[in-house]
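This is what each chain is made of:
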Amino acid sequence: AGGSNTSLVDVFSPDGENGKYTHTATIEPEGIRKGDVFGNSISAYKNLLIVSSSKKANGGAVYIFLTEDSGISFQQVAMLKPDDLGEDDEFGQVAITQKYAVVCTASHNSKTGACYTYQTLDSGYNWFHTAKFTPQDARSGGRFGTRVCAKDSYVLVAAQYDNAVYLYRTYDDGTSFFQMAKVN
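Bear in mind that the values here come from a model prediction, so they are computed numbers and not experimental data.

**Q** Account for the state of the cysteines, with residues named and values stated.
**A** Disulfide: a covalent bond connecting the sulfur atoms of a pair of cysteines. Applying the stated criterion across every chain, the model contains 1 disulfide. Left without a disulfide partner, Cys149 is nearest to the cysteine sulfur of Cys104, which lies 10 Å away.

**Q** Describe in detail the sheet that holds strand E6 (residues 75-80), supporting the description with residues and values.
**A** In space, the 4 strands of this open sheet follow the order E3-E4-E5-E6, with antiparallel pairing throughout. Strands with a single pairing partner mark the edges of an open sheet, and in this sheet they are strand E3 (38-45) and E6. Here the strands of the sheet are splayed against their neighbours by 20° on average, with no regard to which way each runs.

**Q** So what about the nonpolar core? Which residues, and what values?
**A** Counting 18 residues, the largest nonpolar core has Ile50, Ile64 and Trp127 as its most contacted members. Mapped by element, the contributors of at least two residues to this core are strand E4 (48-53), strand E5 (61-66), E6, strand E7 (93-96), strand E8 (100-105) and strand E9 (114-119). When neighbours within four sequence positions are excluded, Ile64 is seen to be in contact with Leu49, Ile50, Gln75, Gln76, Val77, Ala78, Leu80, Ile96, Ala101 and Trp127. Counting 15 residues, the second-largest nonpolar core is a separate cluster that includes Cys104, Phe144, Ala159 and Ala164.

**Q** Outline the packing of aromatic side chains, listing residues and values.
**A** By the definition in use, this model includes 11 aromatic pairs. Relative to Tyr63, the ring of Phe38 has its centre 5.8 Å away and its plane inclined at 80°; by these criteria the two rings are edge-to-face. In this pair, Phe38 sits in strand E3 while Tyr63 sits in strand E5, placing the two residues 25 residues apart along the sequence. The same class applies to Phe38 as to Tyr63, namely buried. Between the aromatic rings of Tyr63 and Phe65, the centroid separation amounts to 6.5 Å while the plane-to-plane angle is 25°, which identifies the pairing as stacked. A single burial state applies to Tyr63 and to Phe65, both of which are buried.

Parameters at a glance
- Residues numbered from 1 in each chain as written.
- Predicted model: local features only at pLDDT ≥ 70, side-chain atom pairs only at ≥ 80, totals over all residues.
- Heavy atoms only, no water.
- Disulfide = S-S within 2.5 Å.
- Pairing = 2+ DSSP bridges.
- Helix = DSSP H or I, 4+ residues; strand = E, 2+ residues; numbered from the N terminus.
- Axes fitted to C-alpha atoms, helices over the stretch in contact; angles between N-to-C directions.
- Core = buried A, V, L, I, M, F, W, Y, C linked by side-chain atoms within 4.5 Å.
- Buried < 20%, exposed > 50% of the residue type's maximum accessible area, 1.4 Å probe, protein only.
- Contact = heavy atoms within 4.5 Å.
- Phe/Tyr/Trp six-rings, centres within 6.5 Å; stacked < 30°, edge-to-face > 60°.

This is the structure:
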């Protein structure tokens, strides 16, 4: 990622059977500026791509893109940003699945951290906020949300200064999440 005036994300796709990759697209969201750190965290699921811009004004933002032509071009379908972010929250560790996206900020609320979830009901064209979660034993300075990954109904979230990983599960395609376990 990187350009002279703004941050960009370059997309590469497999080139047949020779094991090489070919540049197929360059993504630059609307309203991005140099210093917004677009591309700090990226996650993809089939035709969906979620990209963070953790230094965007007022706490960061994430963008969701959709491709309908196997990655040759991408359409920006959403910019996600919760209302309760602080200026230094750095919203933007991301994970995406077919039905929901998880976006975390380890700096939220005195570096306690939090994760926000967004759901789609129309294959990724529209997204809406469904939940915000923190660990049951959350503490100031724990930095919950330093890393996140998601697959099917499960989400793993790292808390850097608690030396822990939390497992969450959704039973309703991303409307709500329940803490299942903590591993130190």
